[in-house]
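Residue-level listing of the chains:
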Amino acid sequence: MNIPEQKFKSILESIGFVVKSFSQKTIIDPLNCFYVEFPFENMFIDFALVQSKLAIEIHGEYWHGLEASITPRQAEKRIQDARKKVILLKNKWKLIEVPSLKLDKKTMKNKIRENILTLLIV
């Protein structure tokens, strides 16, 4: 787990969610358990609340780049992310995409909680 994902894990835990690593032997836990790097359709979801079909993707600078300039590797990663988004939505998953630059803002914790709860209610 990279640094932005570690920060996000801490935010999820601070608002009452359980965060676990996923393995093939894992039994899916109740509605409050996010799995890290959850395998789905030949890809991995950064954080998956499986029973609610909620996926959260963290977009860090290293892999995704900043808007001003991106490397070819980052451009390819953005294409992969777009494909992942299409597959998730096609399979009726809800998706939250979080830029890692916003993880340090104090208001982010409440905003994440609101976004998750809004998607779980819908």
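**Student:** What should I look at first to understand the pairing of strand E4 (residues 54–59) in this one?
**Tutor:** Walk down a regular strand and you will see the side chains alternate between the two sheet faces. Along E4, six of the six residues are buried, which leaves the element largely enclosed by surrounding structure. What you see with E4 is no split at all: Leu-54, Ile-56 and Ile-58 on one side and Ala-55, Glu-57 and His-59 on the other are buried throughout. Where strand E3 (residues 43–49) and E4 come together, three bridges link them in antiparallel fashion. Within E4, the residue paired with Phe-47 across the bridge is Ile-56. Where E3 folds back on E4, the antiparallel hairpin that results is connected by four residues, among which Lys-53 adopts a positive phi of roughly 55°. Taken together, the six bridges between E4 and strand E5 (residues 94–99) define a ladder with parallel strand orientation. Considered in E5, the bridge of Ile-56 is made with Ile-96.

**Student:** Would you take a moment to explain the nonpolar core for this structure?
**Tutor:** Side chains that are nonpolar tend, in soluble globular proteins, to be buried together. One finds Phe-8, Leu-12, Phe-34, Phe-47, Ile-56 and Ile-116 to be the most contacted residues of the largest nonpolar core, which totals 18 residues. Those elements that place two or more of their residues in this core are helix H1 (3–14), strand E2 (33–40), E3, E4, E5 and helix H4 (108–121). Core analysis: the second largest hydrophobic core is formed by 12 residues, Phe-40, Ile-45, Ala-48 and Trp-93 among them.

**Student:** Help me understand H4 in this model?
**Tutor:** Counting along an α-helix, one turn takes 3.6 residues, and residues three or four places apart therefore face a common direction. In this model, H4 (14 residues) spans 20 Å end to end at C-alpha, consistent with the 20 Å of a helix rising 1.5 Å per residue. Of all the residues in H4, the buried ones are Met-108, Ile-112 and Ile-116. Along the long axis of H4, the arc covered by the buried residues comes to 65°, so they all point the same way. With respect to the buried face of H4, the exposed residues turned more than 90 degrees away are Glu-114 and Ile-121.

**Student:** What am I meant to see in the pairing of E2 here?
**Tutor:** Burial analysis of E2 places six of its eight residues in the buried class, the great majority of the element. Where strand E1 (residues 18–21) and E2 come together, four bridges link them in parallel fashion. Residue pairing in the sheet places Val-19 in a bridge with Phe-34 of E2. Here E2 runs beside E3; their pairing, made up of five bridges, is antiparallel. Bridging across to E3, Pro-39 finds its partner in Phe-44.

The rules behind the values
Within each chain, residues carry numbers counting from 1 in the order of the written sequence. For a predicted model such as this one, the threshold for reporting local features is a pLDDT of at least 70, and the threshold for listing and counting side-chain atom pairs is 80 or more; totals across whole chains, interfaces and linings nevertheless cover every residue. To get the side-chain values, all heavy atoms of the structure are used, and hydrogens and water are removed first. Only protein chains enter the accessibility calculation, which uses a 1.4 Å probe; a residue is then buried when its area is under 20% of its type maximum, exposed when over 50%, and partly exposed in between. Only DSSP runs of H or I reaching four residues or more are called helices, and only runs of E reaching two or more are called strands; each is numbered from the N terminus. Think of it this way: DSSP has to see at least two bridges between two strands before they count as a pair. Each nonpolar core is a collection of buried residues, namely Ala, Val, Leu, Ile, Met, Phe, Trp, Tyr and Cys, held together in the definition by side-chain atoms within 4.5 Å. The span one expects for a helix is its residue count, reduced by one, times 1.5 Å. Along the arc lie the directions from the helix axis toward the C-beta atoms.

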